[in-house]
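Fold and geometry: a report
The residues making up each chain are set out below.
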Amino acid sequence: MKEHVLQAKKDVVAEILGKINQAQAMVLVEYRGLNVQEVTELRKRYREAGVEYKVYKNTMMDLAFKEAGIEDFCEHLAGPNGIAFGMQDAVAVAKVTQEFMKTHEKLIVKAGVVDGKTIDPAGVKALASLPSREVLIAQVLGGFNAPIQGFASVLNGTLSKLVYALDAVREKKEEEAA
């Protein structure tokens, strides 16, 4: 019987460790004071943003984070915690959390992890203020496009001046011929 329980605990730790290794960012929240309906709404918002939200025993998370080498995160594991894993977008997990906190003051950010480094609640808030991945990509592509547009404008201006000069020469020759 004990072997079965021990194996189940090892499986949970392995599951958490797998999520830690796959996630681009994580946010640890204390959900004390939220009712079932509010937690369900939070889960729905996370799911819509491609974020996985789970509640694990603190001892299981402690073991997984220590095994992942993020030991300083473990000091935040007290009380009823939920953890959100941002798998596709590091910013999405923080954005959804901060948006939800605007209308639900009882949700508390305890810490976050980005690139294997623990960040404090202020760091999570700063992460939430960054543009989403799609916006950043659009900005980079726009930055690539701007020099091309400038080059095209310069060429267009040069060609226009050439056309005006040729037209002036044509007019002068017509006047001389007349």
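In what follows, the structure referred to is the one given above.
Turning our attention to the environment of Glu52. By the secondary structure assignment, Glu52 is in strand S2 (residues 51-54). Note on Glu52: relative accessible area 32%, which makes it partly exposed. A polar atom in the side chain of Glu52 sits 2.5 Å from the side chain of Lys19.

Ranked by size, the top nonpolar core spans 23 residues in total, and within it Val29, Tyr46 and Val93 carry the most contacts. Of all elements in the fold, only strand S1 (25-30), helix H2 (36-48), S2, helix H4 (90-103), strand S4 (108-114) and helix H5 (121-129) reach the threshold of two or more residues within this core. Top element by residues in this core is H4. It accounts for 7 residues. If near-sequence neighbours (up to four positions away) are discounted, Val93 is found in contact with Ala25, Val27, Tyr46, Val51, Ala84, Phe85 and Gly86. If you look at the next biggest cluster of nonpolar residues, it comprises 20 residues, including Ile16, Ala23, Met60 and Phe73.

Attention now goes to the packing of aromatic side chains. Evaluation of the coordinates by the stated rule reveals 2 aromatic pairs. Between the aromatic rings of Tyr46 and Tyr53, the centroid separation amounts to 5.4 Å while the plane-to-plane angle is 20°, which identifies the pairing as stacked. Residue Tyr46 is classed as buried on the basis of its relative accessible area, which comes to 0%. Looking at Tyr53, the relative accessible area reads 7%, which means it is buried.

To continue, consider the side chain of Lys110. With respect to the helices, strands and loops of the structure, Lys110 is situated in strand S4. Side-chain polar atoms of Lys110 contact the backbone oxygen of His76, separated by 3.3 Å.

Attention shifts here to unusual backbone geometry. For residues that are not glycine, phi is negative in most cases, and the peptide bond is trans in most cases. Even without a glycine there, the phi angle at Asp115 is positive, about 50°. Mapped onto the fold, Asp115 is located in the loop between S4 and strand S5 (117-119).

This paragraph deals with the pattern of salt bridges. As enumerated under the stated definition, the model contains 8 salt bridges in all. Between Arg32 and Glu30 there is a salt bridge; the shortest N-O distance is 2.9 Å. What makes Glu30 buried here is its relative accessible area of 13%. A salt bridge links Lys102 to Glu99; the shortest N-O distance between them is 2.9 Å. One end of the pair, Lys102, and the other, Glu99, are both in helix H4, 3 residues apart, so they sit about a helical turn from each other.

Relative to the elements of secondary structure, Glu30 occurs in strand S1. A polar atom in the side chain of Glu30 sits 2.9 Å from the side chain of Arg32. Excluding residues that lie within four positions of it along the chain, Glu30 makes contacts with Ala78, Pro80, Asn81, Lys106, Leu107, Ile108 and Lys110.

Conventions we followed
- Residues numbered from 1 in each chain as written.
- Predicted model: local features only at pLDDT ≥ 70, side-chain atom pairs only at ≥ 80, totals over all residues.
- Heavy atoms only, no water.
- Helix = DSSP H or I, 4+ residues; strand = E, 2+ residues; numbered from the N terminus.
- Buried < 20%, exposed > 50% of the residue type's maximum accessible area, 1.4 Å probe, protein only.
- Polar contact = N/O pair within 3.5 Å; in protein donor to acceptor, adjacent residues only side chain to side chain.
- Core = buried A, V, L, I, M, F, W, Y, C linked by side-chain atoms within 4.5 Å.
- Contact = heavy atoms within 4.5 Å.
- Phe/Tyr/Trp six-rings, centres within 6.5 Å; stacked < 30°, edge-to-face > 60°.
- Salt bridge = Lys/Arg side-chain N within 4 Å of Asp/Glu carboxyl O.

Take it as geometry only, folks, not as evidence of what the structure does.
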